[in-house]
Amino acid sequence: MRSNWRDCAAWHSEKLPMNTSSNEACKLYDVCLSQFTGYYEEKQFGGLANSLNQMINSDPNFILGHCLKNGIELLGTNSAFYSNTLSDNINNLIKTSELLSNEITQREKFHVKAIEYLHKGDLVESIKIWEDILIDHPTDMMAIRMLASGYFYTGNSIEMRDSIARVLPKWNTNTPLYNYLYGFYAFGLSQTKELEKAEKYARKGIELNHLDGWACHTIAHINEYRSTFNEGINFLLKTENDWQTCEFIRGHNYWHLCLFYLENQEYEKIIDILDNNPSFSKPQMTIDLVNSSSLLFRLKLDGFKDSGYLDTKFKELKNVFNDRLIQHGYIYSDSHMAMIYAMCGTDKEKKVYLDSLQDFISDTNFSKFIRKLNLKISGKLYEALFSYGEGNFSKTVDLLYPIRYDLFKIGGSNAQRDIFNLILIDACFRSESKRHNTIGQGLYFERLAQRENSSLTKRLGDRYFINEFYENL
Ligand SMILES: [Fe+2]
């Protein structure tokens, strides 16, 4: 963990000057940036939320401090789009930057603009600005980290990978946070299926900092894509004490561990995590919601016998996150809310959910980008999930099959979006339509070709037509 927090002079010497003369604010900016980049809470400053507030209190006119705080909130949850407080904060930030226009740098102005676009859900424009910043300032970690999130939410893996490759050689190896670039680059490589190279970079990141939970997370992805599930279990258990220190990624690493357990049908280990791991038993963050709903749905798809347990867990999840019924935006997290309503929502809740989605799409306060994306994908995707929950599998196939190659645009990782492949295959097999059954066989073979050692995939096929298919060959 770090202790050498950078003051005003240090940031200046790195050619990253900021508009505050408060050394305390500058150091706290470093504290916050470090936590955001490393997915951990700096305990001596009371964690990320506290240090963000302390930073702003140290200098209320600190432009990049406000950009960092608002950006973190906007990248965290769809609820941010509906927060009046956040809206006021961003309007104040824009006004302050205009008032200080002659005193602040172009880099600071760009960051404000990126946040302004982000607030409207216009990730495409925010991404362009962060990329522009990095042309002249390749060591601006706030731009790098936010850009990585931007590419994650837009599903642009190649761009995510290349954005790090462009800046990595320009860093001095002694500069704080340098080590995290390896994990970021490795993750991009894992999403573009360059697994050998991804592993090399992830392991280098871990070698530089064994507490790098994101680099450890990338090793889990590599094992997932290679179908080396036992290797994944061994790695995560061996490094558990290290990535446990990263509050913002550890729950998700347990999710990866559960995916490996699911392959082996080690249900009791999954139930233990669901019941006793706070990220699952007391979910709070959006990532907790995503991990839990996706894991419960996968258990259901794998034919987990105790459906009463799954029902109870889905209902508990709905109760915690029910205020998000009318909050839309990024489809990646919203689709995991739709999974919850598909499993335990009332007809009224599902109607409110879909009606409020239409309101979001019609709301011109939001950017064309996010409204168009929702218009093209989310309505069909959420209705497909609801139909699945209602046992109308044929409707699920009709809605989901035509958009399956567009689903990368909703963001998230290949491993996370894999849930939609599983749902589609299962729905094809369960549909009364013979044509759907045949489509399902094709999708089953397609998935098996990608993951030759996946017992989960084989079980999915075995339950329906595959035995019959082979017998009739
Ligand atoms: Fe992941």
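Residues numbered from 1 in each chain as written. Predicted model: local features only at pLDDT ≥ 70, side-chain atom pairs only at ≥ 80, totals over all residues. Heavy atoms only, no water.

Right, let's talk about the coordination of the iron ion for a bit. Only His217 (NE2), His221 (NE2), His252 (NE2) and His256 (NE2) from the protein reach the iron ion as donors, at distances of 2.1 to 2.2 Å. Around the iron ion sit four donor atoms, and with donor-metal-donor angles ranging over 87 to 177° the site reads as irregular. Every donor residue of the iron ion comes from the same chain, spaced as H-x3-H-x30-H-x3-H. One end of the pair, His221, is in helix α12 (residues 213–226); the other, His256, is in helix α15 (residues 250–263), and 35 residues separate them in sequence. Side by side, His221 and His256 carry an identical accessibility label, which is buried. (Donors = N, O, S within 2.8 Å, 3.2 Å for Na, K, Ca; no water. Tetrahedral: all angles 85-135°; square planar, octahedral: opposite > 155°, others 65-115°. Helix = DSSP H or I, 4+ residues; strand = E, 2+ residues; numbered from the N terminus. Buried < 20%, exposed > 50% of the residue type's maximum accessible area, 1.4 Å probe, protein only.)

What follows deals with the nonpolar core. Within the largest apolar cluster, 165 residues are counted, with the highest numbers of intra-cluster contacts made by Tyr29, Leu68 and Leu381. When we break this core down by domain, the ones giving at least three residues each are domain 1 (1–154) and domain 2 (279–473). In this structure, Leu68 is in contact with Tyr29, Cys32, Leu33, Phe36, Leu52, Met142 and Met146, ignoring residues within four places of it in sequence. (Core = buried A, V, L, I, M, F, W, Y, C linked by side-chain atoms within 4.5 Å. Domains from an automatic or database assignment. Contact = heavy atoms within 4.5 Å.)

Relative to the 16 Å expected for twelve residues at 1.5 Å per residue, helix α10 (residues 180–191) spans 17 Å between its end C-alpha atoms, a close match to the ideal helical length. Counted residue by residue, α10 has twelve buried out of twelve residues, so it is predominantly covered. By the burial criterion, the buried members of α10 are Tyr180, Leu181, Tyr182, Gly183, Phe184, Tyr185, Ala186, Phe187, Gly188, Leu189, Ser190 and Gln191. Along its buried surface, α10 packs onto α2 (23–38), α8 (141–154), α9 (157–167), α11 (195–208), α12 and α24 (414–430). With its phi angle positive at about 65°, Lys193 sits one or two positions after the end of α10. (Expected span 1.5 Å × (residues − 1).)

Residue position: Ser387 is located in helix α22 (residues 368–389). Since its relative accessible area comes to 3%, Ser387 is described here as buried. Contacts of Ser387, omitting those with residues within four sequence positions, involve Asn392, Lys395, Thr396 and Leu399.

Turning our eyes to something else, we now look at the state of the cysteines. By the definition in use, this model includes zero disulfides. Looking at Cys26, it has no disulfide partner, and the nearest cysteine sulfur is the one in Cys8, 3.3 Å off. (Disulfide = S-S within 2.5 Å.)

Within the fold, Asn291 resides in helix α18 (residues 286–301). On the basis of relative accessible area, Asn291 is assigned to the buried category, the value being 2%. If we skip the residues at most four places from it in the chain, Asn291 touches Gly251, His252, Trp255 and Phe280.

Interfaces are often described in size by the accessible area the parts lose on coming together. We note that the domain assignment places domain 1 (1–154) and domain 2 (279–473) within the protein chain. Domain 1 and domain 2 are separated by 34 Å when their C-alpha centres are compared. Taken together, the contact between domain 1 and domain 2 spans 17 residues of the former and 23 residues of the latter. Surface buried jointly by domain 1 and domain 2 totals about 1600 Å² across both partners, of which 55% is contributed by carbon and sulfur atoms. (Buried area = accessible area lost by both parts, 1.4 Å probe.)

Overall, the coordinates contain 28 aromatic pairs when judged by the stated rule. A ring pair is formed by Phe81 and Phe366, whose centres lie 5.7 Å apart and whose planes are at 85°; its orientation type is edge-to-face. With Phe81 in the loop between α4 (63–76) and α5 (84–99) and Phe366 in the loop between α21 (347–362) and α22, this pair connects stretches of sequence that are 285 residues apart. No difference in accessibility class separates Phe81 from Phe366, as the two residues are buried. Grouped by ring-pair contacts, the aromatic residues Tyr39, Phe81, Tyr82, Phe152, Tyr153, Phe187, Trp214, Tyr330, Tyr332, Phe360 and Phe366 constitute a single cluster. A cation sits over an aromatic face here: Arg6 above Trp11, 4.1 Å from the ring centre. Its guanidinium or amino end placed over the ring of Phe386, Lys350 lies 5.8 Å from that ring's centre, counting from NZ or CZ. (Phe/Tyr/Trp six-rings, centres within 6.5 Å; stacked < 30°, edge-to-face > 60°. Lys NZ or Arg CZ within 6 Å of the ring centre and 35° of its normal.)

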